[in-house]
Amino acid sequence: EARAPSPPKRSDPVRAACWAGVALVLVSALGVCALLNWPAVEIAAGRQSREAYLEANLDVYPIQRWVNENLPPDAKLMLFGRAVHGFYLEREYMWGGGHHQLLTPADFAGPDALLAALRRFGITHLVLDRQTWRSVQTQDAPFERSLRELLETGRAREVWEERGYVVVGVER
């Protein structure tokens, strides 16, 4: 009966060097994981609060906290801008930017049309990121011009600003 030849045996120093290499890779990977997850470890260990972590690491969090603490529970928000996320909002909200067909170009035809569209959806407040807020102040595109005119005529008003994010109250 024929048997397959067995692989040559490695010497103990080669085997030890291979295991040392594997151990080095594993220890390095663990070090990288620990470094990347250190902020979570700080929270889990009770050395940093969830609030302090979010405040330091999520630019939009202070404005969301303000919304949660200061706007009525029935407030309905429309969010504008790439940097505005609603994850920590405790109010009903919807996106206002071009990710859907709910707002049409006709809704931006002027301040009256914009206000009518916001009322149609029951929007009480807008939350804008710093880029969108700058555009409202400087650009002449239909949305920006319409919102600027609502602000100038008092039918909308800036109610809070923090870190460049702005909450705008809308006349009901």
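Up top you'll find the structure we're talking about.
Calculation notes
- Residues numbered from 1 in each chain as written.
- Predicted model: local features only at pLDDT ≥ 70, side-chain atom pairs only at ≥ 80, totals over all residues.
- Heavy atoms only, no water.
- Helix = DSSP H or I, 4+ residues; strand = E, 2+ residues; numbered from the N terminus.
- Buried < 20%, exposed > 50% of the residue type's maximum accessible area, 1.4 Å probe, protein only.
- Contact = heavy atoms within 4.5 Å.
- Pairing = 2+ DSSP bridges.
- Axes fitted to C-alpha atoms, helices over the stretch in contact; angles between N-to-C directions.
- Patch = residues over 30% accessible without salt bridge, like charges linked within 9 Å, V, L, I, M, F, W, Y side chains within 5 Å.
- Areas by Shrake-Rupley, 256 points an atom, 1.4 Å probe, with all protein chains shown as cover.
- Salt bridge = Lys/Arg side-chain N within 4 Å of Asp/Glu carboxyl O.
- Arc of directions from axis to C-beta.
- Core = buried A, V, L, I, M, F, W, Y, C linked by side-chain atoms within 4.5 Å.

**Here's the deal with the side chain of His-125**
No. 1: For His-125, the location among the structural elements is in strand β3 (residues 125-128).
No. 2: A relative accessible area of 9% places His-125 in the buried class.
No. 3: Excluding residues within four positions of it along the chain, His-125 makes contact with Leu-71, Ala-75, Lys-76, Leu-77, Met-78, Val-159, Val-167, Val-168, Gly-169 and Val-170.

**Section: the sheet that holds strand β2 (residues 92-95)**
Strand pairing in a sheet relies on backbone hydrogen bonds. The paired strands run either parallel or antiparallel.
No. 1: Judged by pairing direction, the sheet is mixed, and its five strands sit side by side in the order β2-β1-β3-β5-β4 without closing on themselves. With partners counted over all chains shown, the strands left at the sheet margins are β2 and β4 (156-162), one partner each. Strand-to-strand, the axes of this sheet are offset by a mean angle of 25 degrees, without reference to chain direction.
No. 2: Each of β1 (76-80), β3, β4 and β5 (165-170) touches helix α5 (residues 130-138); the most contacted strand, β3, lies at about 110 degrees to it.

**A closer look at the pairing of β4**
Both faces of the sheet carry side chains from a regular strand, because those side chains alternate between them.
No. 1: As defined by bridge partners, β4 adjoins β5 across six bridges and the pair is classed as antiparallel. When the bridges of β5 are listed, Arg-157 appears paired with Gly-169.
No. 2: What sits between β4 and β5 in their antiparallel hairpin is a turn of two residues, with Arg-163 showing a positive phi close to 55 degrees.

**Remarks on a nonpolar patch on the surface**
No. 1: Taken together, Trp-19, Val-22 and Leu-26 make up a surface patch of nonpolar side chains, about 350 Å² in accessible area.
No. 2: For Leu-26, the location among the structural elements is in helix α1 (residues 12-44).

**Some thoughts on helix α4 (residues 111-120)**
No. 1: Where α4 is concerned, the buried positions are Pro-111, Leu-114, Leu-115, Ala-117 and Leu-118. Looking straight down α4, one finds that the buried residues subtend no more than 160 degrees of arc, so they occupy a single side.
No. 2: Where α4 is buried, its residues touch β1, β3, α6 (142-152) and β5.
No. 3: Following α4 by one or two positions, Gly-122 adopts a phi angle in the positive range, close to 75 degrees.

**Here we look at the nonpolar core**
No. 1: Ranked by internal contacts, the top residues of the largest apolar core, which has 22 residues, are Met-78, Leu-126 and Leu-147.
No. 2: Secondary structure elements with two or more residues in this core: β1, α4, β3, α5, α6 and β5.
No. 3: Looking at this core element by element, the count peaks at four residues for α4.
No. 4: Residues contacting Met-78, with those up to four places away along its chain left out, are Met-94, Trp-95, Gly-96, Leu-103, Leu-118, Phe-121, Ile-123, His-125, Leu-126 and Val-127.
No. 5: Counting 13 residues, the second-largest nonpolar core is a separate cluster that includes Ala-75, Val-84, Leu-89 and Tyr-165.

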